[in-house]
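Observations on the model geometry
Letter by letter, the chains look like this.
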Amino acid sequence: MIIQLEQGIDTKRKEAIVQRALSLKYKTTEVKTQLGNYLIGIGKNEFDIRELGHMPGIQDIHIVSDNYMLVSKKWKVNPSQIDLGDGVVIKQGDFAIMAGPCSIENEEQVYKTIEHLKENGVKIMRGGVFKPRSSPYSFRGMGIEGLKMWYTAAKEAGIKIISEVMQVSQIAEMYDYTDIYQVGARNTQNFNLLDELGKVDKAVLIKRGISGTVDELLYSAEYVFSGGNEKLMLCERGIRTYETSSRNTLDLNAIPVLKDKTHLPVIADPSHGIGIRDYVETMALASVMAGVDGLIYEIHEKPEEAYSDSAQTLNFTESAALIKKMRKVFDLRESL
Ligand code: PEP
Ligand code: MN
């Protein structure tokens, strides 16, 4: 059960609600976010909602049958929006495009990518400076200095940025130089990291774990939300299956399922989802039709020279064509 408390409720009233819930065999946890104050009640007892509902300080009570609660659509039917400032909002009905290299490599690459994004009306640039690599000998990113250089250039151009945070200590390090924290597929169930991201007032995108289920992704989101941060979105980026003809299997099924289960924006990443440049466009367009609120994909002026994920990276011509097609498909979907 979710008990929505009135803003500014005093401690005495709150304690009375906690005690009444306990007497009904519901143990409560308080959650304070940027937007609300909630008591999450966990218990099995059936009870007459009027026994609680009349208490002063309660705005609303929702019985949620899902085990994840705050991210569920069962209590919040309206889709959530993430306002990044300067008119950039990620929300249902306004298709968000995030494109950029797998790794930030140097200043020239950053400027060229920004130019490409501006030419095509894209407002969010992706890029990694802390790279999770399968081999320790691969390029592991420019680190915080690369992030500072990139953020400064992007800010000047009016572009927002999204970058992966790999560990708790990087949250504070990155805070002044990023607009969206990306939680990578290898960290989806790093619960310490998720707890700490709950404490920041900045957007977070959580990727689905490499072998993670849809429900596990929703539980991960619940960690961040219940930690206090509602500025959250989810990303389908392909899962590991027995199939070897592509890098991962982009789970298109997950898109309508997630859209049905949660009020959070849902994003697709076809670059990691299929891992093969020639098929990225098809899977991007299929994701749009499946119902995503945005797309994140990898680009490079010379993909064959990219320091990481070269095989799945589009060049600027391919990216410009994809942007046009995605917008068309999005308009078509919205008109159906
Ligand atoms: C990335 O976005 O470059 C990345 C490493 O993604 P994922 O965590 O989905 O593998
Ligand atoms: Mn990558």
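What you see is a predicted model; the values in this text were computed from it and never measured.

**Let's talk about the coordination of the manganese ion (ligand 2)**
Of the protein atoms, only Cys102 (SG), His272 (NE2), Glu298 (OE) and Asp309 (OD) coordinate the manganese ion (ligand 2), at distances of 2.0 to 2.4 Å. Along the chain, the residues donating to the manganese ion (ligand 2) fall in the pattern C-x169-H-x25-E-x10-D. Taken together, the residues Cys102 in the loop between strand 7 (96-100) and helix 3 (107-119) and Asp309 in the loop between strand 14 (294-298) and helix 11 (316-335) connect sequence positions 207 residues apart. Assessed through its relative accessible area of 4%, Cys102 is described here as buried. Assessed through its relative accessible area of 18%, Asp309 is described here as buried.

**Remarks on the site of ligand 1**
Around ligand 1 sit 13 residues in total, of which Arg126, Ala185, Arg186, Lys207 and Arg237 are the nearest. The separation between an oxygen atom of ligand 1 and a polar side-chain atom of Arg126 is 2.7 Å. Arg237 is positioned such that a nitrogen or oxygen atom in its side chain is 2.7 Å from an oxygen atom of ligand 1. Relative to its unbound accessible surface of 300 Å², ligand 1 loses 97% to contact with the protein. Cavity membership is defined here by more than half of the atoms lying within 2 Å of grid points; on that basis ligand 1 lies in the largest pocket. When the residues that make up the shell around ligand 1 are grouped by side-chain class, the tally is three nonpolar, three polar and seven charged.

**Describing the nonpolar core**
Of all hydrophobic cores here, the largest spans 74 residues; its most connected members are Trp150, Leu197, Ile206, Leu295, Tyr297 and Met326. The element best represented in this core is helix 4 (residues 143-157), accounting for eight residues. Sequence-distant contacts of Ile206, defined by excluding residues within four places in its chain, comprise Val183, Thr188, Leu194, Leu217, Ser220, Ala221, Val224, Leu232, Met233, Leu234 and Cys235.

Conventions we followed
- In this convention, every chain numbers its residues from 1, walking through the sequence in written order.
- Both sets of labels track the order of writing: A upward for chains, 1 upward for ligands.
- Totals for whole chains, interfaces and linings use every residue, but because this is a predicted model, local features are given only for residues with pLDDT of at least 70 and side-chain atom pairs only at 80 or more, for both listing and counting.
- Neither water nor hydrogens contribute to the side-chain values; these are computed over all heavy atoms in the structure.
- Metal coordination here is assigned from N, O and S atoms located within 2.8 Å of the ion, or within 3.2 Å for Na, K and Ca; omission of water means that sites may look incomplete.
- For the purposes of this entry, the term helix denotes a DSSP run of H or I that reaches at least four residues, the term strand denotes a run of E that reaches at least two, and both are numbered from the N terminus.
- Buried means the residue's accessible area, taken with a 1.4 Å probe over protein chains only, is under 20% of the maximum for its type, while exposed means over 50%, and partly exposed covers the values in between.
- By convention in this text, a residue qualifies as near a molecule or strand provided that one of its non-hydrogen atoms is within 4 Å of it.
- Polar contact is defined as a pair of N or O atoms within 3.5 Å, subject to the rule that within protein one atom must be able to donate a hydrogen and the other to accept it, and that residues adjacent in sequence are counted only when both atoms are side-chain atoms.
- Here, Shrake-Rupley sampling with a 1.4 Å probe gives the accessible areas, and only protein chains in the shown set may cover a residue.
- Using a 1 Å grid laid over the protein atoms alone, points where a 1.4 Å probe fits but cannot get out form a cavity; open sets with protein on both sides within 12 Å along at least 5 of 7 lines form a pocket; any residue with an atom within 4 Å of a point counts as lining.
- In this description, a molecule resides in a pocket or cavity if more than half of its atoms sit within 2 Å of the grid points defining it.
- Each residue is assigned to one class: nonpolar for Ala, Val, Leu, Ile, Met, Phe, Trp, Tyr, Cys and Pro, charged for Asp, Glu, Lys and Arg, and polar for all the others, Gly among them.
- Only buried residues count toward a nonpolar core, which is a set of Ala, Val, Leu, Ile, Met, Phe, Trp, Tyr and Cys residues joined through side-chain atoms within 4.5 Å.
- Residue contacts follow a heavy-atom distance rule, with two residues in contact if any of their heavy atoms lie within 4.5 Å.

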